[in-house]
Number of protein chains: 2
Amino acid sequence: MAGSGYPATRESAHYGGVDACRRSRRARENSILEATLSVGTRPAALAAEVENALRDFFTSRQDLVDSVGGGYREAVTTLEDFVLRGGKRVRPAFAWTGWIGAGGDARGPDAGPVLRACSALELVQACALVHDDIIDASTTRRGFPTVHVEFAEQHRAGAWSGDSAHFGEGVAILLGDLALAWADDMIRESGITPEASARISPVWSAMRTEVLGGQFLDISNEARADESIDAAMKVNRYKTAAYTIERPLHLGAALAGADETLVSAYRRFGTDIGIAFQLRDDLLGVFGDPAVTGKPSGDDLRAGKRTVLFAMSLQRADADDPAAARLLREGIGTDLSDSDVDTLRTTITSLGAVADVEKQIEDLVQNALSTLAASTATSEAKQQLTEMAVAATRRDY
Amino acid sequence: MAGSGYPATRESAHYGGVDACRRSRRARENSILEATLSVGTRPAALAAEVENALRDFFTSRQDLVDSVGGGYREAVTTLEDFVLRGGKRVRPAFAWTGWIGAGGDARGPDAGPVLRACSALELVQACALVHDDIIDASTTRRGFPTVHVEFAEQHRAGAWSGDSAHFGEGVAILLGDLALAWADDMIRESGITPEASARISPVWSAMRTEVLGGQFLDISNEARADESIDAAMKVNRYKTAAYTIERPLHLGAALAGADETLVSAYRRFGTDIGIAFQLRDDLLGVFGDPAVTGKPSGDDLRAGKRTVLFAMSLQRADADDPAAARLLREGIGTDLSDSDVDTLRTTITSLGAVADVEKQIEDLVQNALSTLAASTATSEAKQQLTEMAVAATRRDY
């Protein structure tokens, strides 16, 4: 099983139909993906290649899963469907482009192993999403019931004994664990050299430790109603920026054996763009068009999310406008009507917080692009990462 | 971080005071542990060495955790306390003894790396326990509140916003994930050779895939009220036997580069003893003395556990005694009084199921010991594993 690796990634020209005009987070992720397609990916479609690698990995586990029997196979198939149907493969795209930018050869013998190692990021992400959906009590994801809801429904439909919701959560906890364990298996069996394994080991470790920390801070800040900009910024940094852009780029650099100078440039670029990406998301969470974001209007306000946008609004209100401060504190995390949402939006805008955040995004992107331009990344990757950065952060709502 | 490994394990003579006369599962685990102490462990106490290795590993993550900040450190300390205060280190003990039996040299240069790799099993176990406690809605573990209960209490004490129980579960999900991710980090950074890493990779993968499968079958059988002996036996095999004894021994053998003959003997021995261990536990779950097991009398009956003992009772009752079958089906998983428990116990015994299970244990142990005796393990390890097997399965309630 180990060493020999699972079957090589198949070539496929498929690339799902994506409407690049949609302007939600999902659409921005699509744009990032499309921006990677010209980066030395042969065959052309990186997302399809990532999915093939994931599919092959799941196939490689089948005998083991079947040996356990008793419905395990069906449960694992639910996980596989979840992993294969969704997501824009943003993390593998950044890791792959990071590798290319550090001199990786998309036509060379390392390309297959590197692609598989990059694809393993999607299994970490599967764990993060499945477990996050339990934590956030989310009922749908990517247009389907979340994993815990799906198993709760199975339980209910079968009139099984015990509590359906609790059963669904139990299965989802275990399947998330499996995805996390398999992420490690996939990277270990990717076929990369022992030297490359040793290089990526601390990056891989840091990435998982950081994202779990970011998720912890997220629920902890929300529970404690932490109002500080710092606290919100830390969540952006570790739950989004490090995990989505900085560490994937770092992983790609480490796979290629890049020097410290390039690693450092990638990390600064990735942190800035990652935070800007999340700030843009925060704006969409309050101001995004429901028809575009797929979420109810002002969803973040109702959910009580402690975003940087909200923290900045509060800070300004506390300094200048006690009535606005009271409005914000009383509204956040409650079941707001559409007109309440409108009032809060107007308040946030009037306080100047939107302009503040826009300015921050602009500064972060400028800074990131300068860092990138001055770096030793290949010119092909520079161009690509610039497009990906712009796609991730542009104002389009 | 990688490659260089975290600091070498300290030597320490400490070994916690254990009352070997106690006869619960915990006491049997203690006996297994004591049986390993003379196996070429210098310094003497394997458990203390495992704990030192774990402590050093936690220390090695501190900077990374601190960089995230915001209460993450305190949450991780809760996980560390959980890992360090408890457990009998049964899995590391079998892995270590498996390594010794395959020619590993406890005084040689590989001993430190191997000890660290074996100790990583305790982090997988930490994830399994923390997540299992959520799934089973358990409130105490090792005399302390379970992790999800501890964080729910923190939430309640702080009068934080949102639901306390849900917050506790969220944090416990994340900390279990962290333990699982760190188990991989610990084994990868243990300092074992790339060749040893390649050898253990499929074992490590199988072990985690199997135990998650066993946990899945466990909740699925219970929900579906599966009455078959086969279903209960599969849980024993994958949730207990493979995970606790077979795969740890296999891991030790793979670390030493043992040949297929020894690996096969270890695996057969481990499967038989592991199943016998769980069958003994099933008997204790119904007949164990609460003063000894630390659980209410007949706890497994109230909890609705679908054990082999229960499945055998039902099978015999269905064949010969419809009234007994009704009694069993109506009683299982309900809030039984002590006298109800007595009645069910008498029924199970009268049906001959206890004698059946005792006979199975005896046969499994005999079979395992013959396999071991005929194996190529070192005579020192044979003696040790025999003692560990007997300690794990003997009738002492």
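Quantities reported herein were computed from a predicted structural model and do not represent experimental measurements. (Residues numbered from 1 in each chain as written. Chains lettered and ligands numbered in written order. Predicted model: local features only at pLDDT ≥ 70, side-chain atom pairs only at ≥ 80, totals over all residues. Heavy atoms only, no water.)

Draft legend 1. Just the side chain of Asn236 of chain A, in detail. As for its position among the elements, Asn236 of chain A is in helix α11 (residues 229-256). Not counting residues within four places of it along the chain, the set of residues in contact with Asn236 of chain A comprises Ala241, Gln278, Leu279, Asp282 and Val308 of chain A. (Helix = DSSP H or I, 4+ residues; strand = E, 2+ residues; numbered from the N terminus. Contact = heavy atoms within 4.5 Å.)

Draft legend 2. Region of the structure containing the domain arrangement of chain A. Residues and elements named next belong to chain A. Domain assignment breaks chain A into domain 1 (40-192) and domain 2 (193-396). In this structure, domain 1 and domain 2 have C-alpha centres spaced 24 Å apart. Between domain 1 and domain 2 the total buried area reaches about 2,500 Å² when both faces are included, carbon and sulfur atoms providing 71% of it. Broken down residue by residue, the surface that domain 1 buries against domain 2 is led by Arg91, Phe94 and Ile192, which jointly contribute 28%. Viewed at the interface, domain 2 and domain 1 are joined by 2 salt bridges. Of the charged contacts in the structure, one is a salt bridge between Lys239 and Asp132, with a shortest N-O distance of 3.3 Å. Where domain 1 meets domain 2, there are 8 residue pairs in polar contact (both at pLDDT 80 or more). Taken together, the elements giving at least two residues each to the side of domain 1 that touches domain 2 come down to α5 (90-101), α6 (111-119), α7 (121-135) and α9 (164-188). (Domains from an automatic or database assignment. Buried area = accessible area lost by both parts, 1.4 Å probe. Salt bridge = Lys/Arg side-chain N within 4 Å of Asp/Glu carboxyl O. Polar contact = N/O pair within 3.5 Å; in protein donor to acceptor, adjacent residues only side chain to side chain.)

Draft legend 3. Fine view of the packing of helix α15 (residues 322-331) of chain B against helix α16 (residues 338-350) of chain B. Residues and elements named next belong to chain B. For the pair α15 and α16, the least separation of the axes is 10 Å and the interaxial angle reads 135°. Taken together, the axis directions place α15 and α16 in an arrangement best described as oblique. In this structure, the crossing between α15 and α16 has a hand that is left-handed. Judged by residue contacts, Ala324, Leu327, Leu328 and Gly331 of α15 engage Thr343, Leu344, Thr347 and Ile348 from α16. (Axes fitted to C-alpha atoms, helices over the stretch in contact; angles between N-to-C directions. Parallel < 35°, antiparallel > 145°, perpendicular 65-115°, else oblique. Left-handed = near helix turned anticlockwise from the far one by under 90°.)

Draft legend 4. Representation of the relation of the copies chain B and chain A. Superposition of chain B onto chain A requires a rotation of 180° combined with a translation of 0.0 Å along the rotation axis, giving an RMSD of 0.0 Å. When the rotation and shift are considered jointly, the pair of chain copies conforms to a two-fold rotation axis. Taken together, the interface assignments show that 100% of the residues at the interface of chain B recur at the interface of chain A, consistent with an identical surface on both copies. (Least-squares fit on C-alpha atoms with pLDDT ≥ 70 in both.)

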